[in-house]
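Residues per chain are reported as follows:
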Amino acid sequence: DVIGYAHRGAHSAIVFDLADPMGESTCVACGECVQACPTGALAPANDAYLKPVDRQVASVCPYCGVGCQLTYHVHGNAIVRVEGRDGPANHERLCVKGRFGFDYVAHPQRLTKPLIRREGVPKAADFTMNPADPLSVFREATWEEAMALAAGTFARIRDTRGPKALAGFGSAKGSNEEAYLFQKLVRTGFGSNNVDHCTRLCHASSVAALMEGVGSAAVSNPVMDVTQADVVLLIGANPVVNHPVAATWIKNAVKAGTRLVLADPRRSELARHATHYLQFKPDTDVALLNAMMHTIVAEGLVAQEFVAGRTRDYDELARNVAAFSPEAMAPVCGIPAETIRAVARMFATSRAAMILWGMGISQHVHGTDNARCLIALTMLTGQVGRPGTGLHPLRGQNNVQGASDAGLIPMVFPDYQRVDNAAAHAKFAALWGAELDAKPGLTVVEIMNAVHAGEIRGMYVMGENPAMSDPDVHHARAALAQLDMLVVQDIFLTETAYLADVVLPASAFPEKTGTFTNTDRTVQLGRQALQPPGEARQDLAIIVDMGRRLGLPWTYAHPRDVFAEMRQAMPSIAGITWERLEREHAVTYPCEREGDPGERVVFTERFPTADGRARLVPTQLIRAAEQPDPEYPYVLITGRQLEHWHTGSMTRRTEVLAAIEPGPVGSFHPADLAALGVAPGGAVTVASRRGSVTLFARADAGTPRGALFIPFCYYEAAANMLTNPALDPFGKIPEFKYCAVKVTAGGTPAARFGYDNANVAP
């Protein structure tokens, strides 16, 4: 609702908001108006419509978990423009990243040749990035030399220090086939289960709670089901920023009559669409949710037949929530008791209610408890197994669902089959023809700790950037710098690659073919539109080469060969054929037999647990590992921005996105800025017990008093210099969403922004 009419009669005009300049309006530069314009009066930037197009390639967006289908318009070996396609998740809609975030693939800093660290150039955690000049740190090498050094050193470490001295980080940005083959390489080539990826940093606690509670880590209903819901509870998520197209379906649903309950310490743009906005105090999710369940139990709103027939441990849960009355929890969470009761009644008595959540729920030491509460709330009210109901943890990266399904997790084989389960162990040992470790491996943060302890000496990192995404990144960078061999496979010289011994130039998203699974459990086919630059190779080919050099008899020649093996390993996709994906573009799992349509809604009659029932797990109040005090009085919340993705390695090398958000900012309540004596745009220094950063202050009335928000995509002021590596004991996820910091006025921000040397900070 940005574009509308202003004035009257002959003076009427199409305007942005209230005739505001476009750049100062609420326009987010998504380009939807350009795609919708029937006359050509609106056109994409840089005269994209005037450029010749040789071919069109149907593919998928490389960013968030919504999984929007798109069309690449290609000329030669370059993408001219991108348009939305009629996919099941987006129906032609795209956000600013999906439509304009494509030119990173042609950035001059793309890696085009293998690199080996120069002799005498040390690795240090406090390095200064200069990705425009990689040859000051590395020398160019042939593929044979680089692969021989990497694989040879891995083999030597494995054979002399044991398989557990090696570890691998795969990628949620790569394809299902790459994720599957990478975890297979670690398990059969390295010989241990020390393999993980960014799900450990986003939804590991959600996965732990869902596996425990309902026997499946996948969503029960697609995002689009919000249009069939009477009530939507959106908690700990900001889809306008992180899942923009999903947010448009929520807005459409509200306009059609759906009631939205938004619960989040930070007020987002969706608050003005909400029937109730619950701005609870950070770190008090369990207090709020248990108070809602108290109301439902005390007022007789429990779905008795559903609870009796499809759940267990109700009596224990009911006894637990008896102590969490809204009156007792109101001062804890900051929401009036009557508001808590009203929302609980509305959720419980609606025809169809659905819960969506994000990393505001999961990234806490009590993240698993937060998700347990959401599961219990759904089960108490019977709001699952039907259209417009259910549980949906919004997945962060484009293939975090698929990478997790494919086994890129240290404690499970593909399809979440436990490595310490005898039947699963025997199945995969036979399928892969290899001896396998029966003990769960280490997670992301545990691997870094094991490096510091001298237990892990070699790592293979594909498409991940732990030197930016891990908590307390100085600790993580120091670990990476200690390794005897760090091999990084990526498209840019990332902060992690800067600490590598060998860097392998890989393929960007539009340069590969493979399957990707979105947040709705929909497996979609991404198709290659471009050739990799220079000597860069397909990621899958690099993994196969590495496997062969480690003694594995691999003969995979195409992603379809890997997908065929995945169908044998993973019952959930056994019925999906490569040919069907080429024909239909997308199939939702579970799809266990060829010809099955795939199931949009699951848990309709039973849950995939041993007894078919969901488990209700009581929770107690557990506070964040680090609380504010007189020395560190502020609460730091971290997350993403609309314009930038994850650690920024792709989006900050995209012209349009970098122009909109060029440099690091921290968002403060205006009253807090006034108390600090800082004007919006002024410099502030933020420090925790682990490090400090200097950035620019942004006034944001949606940020609660006493808190600040910093996106973690800016290497010039890396938010994860500050964050606490304390872990949830079940999901082993770090507490990114809460730590204590102090803020002082002033400091010297970076002199330049971004990865382009010509981009000078104002």
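We now turn to the structure provided with this report. (Residues numbered from 1 in each chain as written. Predicted model: local features only at pLDDT ≥ 70, side-chain atom pairs only at ≥ 80, totals over all residues. Heavy atoms only, no water.)

Strand order in this open sheet of seven strands is E7-E6-E20-E19-E18-E8-E9, and the pairing throughout is mixed. Whereas interior strands pair on both sides, the edge strands pair on one side only; in this sheet they are strand E7 (138-140) and strand E9 (195-196). As paired elements, strand E18 (residues 458-462) and strand E19 (residues 485-490) share five bridges and run parallel to each other. From the neighbouring strand, Met-462 faces E19, where its bridge partner is Gln-489. Contacts between helix H20 (residues 539-549) and the sheet are confined to E18, E19 and strand E20 (502-505), with E18 contributing the most and set at about 160° to the helix. (Pairing = 2+ DSSP bridges. Helix = DSSP H or I, 4+ residues; strand = E, 2+ residues; numbered from the N terminus. Contact = heavy atoms within 4.5 Å. Axes fitted to C-alpha atoms, helices over the stretch in contact; angles between N-to-C directions.)

Residue placement: Arg-580 occurs in helix H22 (residues 578-584). Side-chain polar atoms of Arg-580 contact the backbone oxygen of Asp-596, separated by 2.7 Å. Those residues in contact with Arg-580 that sit more than four places away from it in its chain are Gly-575, His-585, Val-587, Cys-591, Gly-595, Asp-596 and Pro-597. (Polar contact = N/O pair within 3.5 Å; in protein donor to acceptor, adjacent residues only side chain to side chain.)

Mapped onto the secondary structure, Gln-69 falls in strand E4 (residues 69-75). Residue classification places Gln-69 among the buried residues on the basis of a relative accessible area of 3%. With residues near it in sequence (within four places) discarded, Gln-69 still touches Ser-59, Val-60, Gly-84, Arg-85, Asp-86, Gly-87, Pro-88, Asn-90, Leu-94, Gln-524, His-585 and Ala-586. (Buried < 20%, exposed > 50% of the residue type's maximum accessible area, 1.4 Å probe, protein only.)

Before going further, it helps to examine helix H4 (residues 176-190). With 15 residues, H4 extends 20 Å from end C-alpha to end C-alpha; this agrees with the ideal 21 Å at 1.5 Å per step. The buried fraction of H4 is high, at 15 of 15 residues. Positive phi shows up at Gly-191, right after H4, with a value of about 100°. (Expected span 1.5 Å × (residues − 1).)

Our focus in this paragraph is the pairing of strand E1 (residues 3-6). Where E1 and strand E2 (residues 13-16) come together, four bridges link them in antiparallel fashion. Across the sheet, residue Gly-4 finds its bridge partner in E2, namely Val-15. With antiparallel pairing between neighbouring strands as the criterion, E1 and E2 make up a hairpin whose turn holds six residues, including His-7 at a positive phi of roughly 70°.

One pass over the full model with this rule turns up 15 aromatic pairs. Plain terms: the ring middles of Phe-603 and Phe-607 are 5.3 Å apart, the flat faces sit at 45° to each other, and that makes the pair tilted. Grouping residues by exposure puts Phe-603 and Phe-607 together as buried. Plain terms: the ring middles of Phe-696 and Phe-753 are 5.8 Å apart, the flat faces sit at 80° to each other, and that makes the pair edge-to-face. Of this pair, Phe-696 sits in strand E28 (residues 692-699) while Phe-753 sits in the segment after strand E32 (739-745), and the two are 57 residues apart along the sequence. Like Phe-753, Phe-696 is buried. Geometry around Trp-249 places Arg-93 over its ring, the cationic atom sitting 3.7 Å from the centre. Over the aromatic face of Phe-492 sits the side chain of Arg-653, whose NZ or CZ is 4.1 Å from the ring centroid. (Phe/Tyr/Trp six-rings, centres within 6.5 Å; stacked < 30°, edge-to-face > 60°. Lys NZ or Arg CZ within 6 Å of the ring centre and 35° of its normal.)

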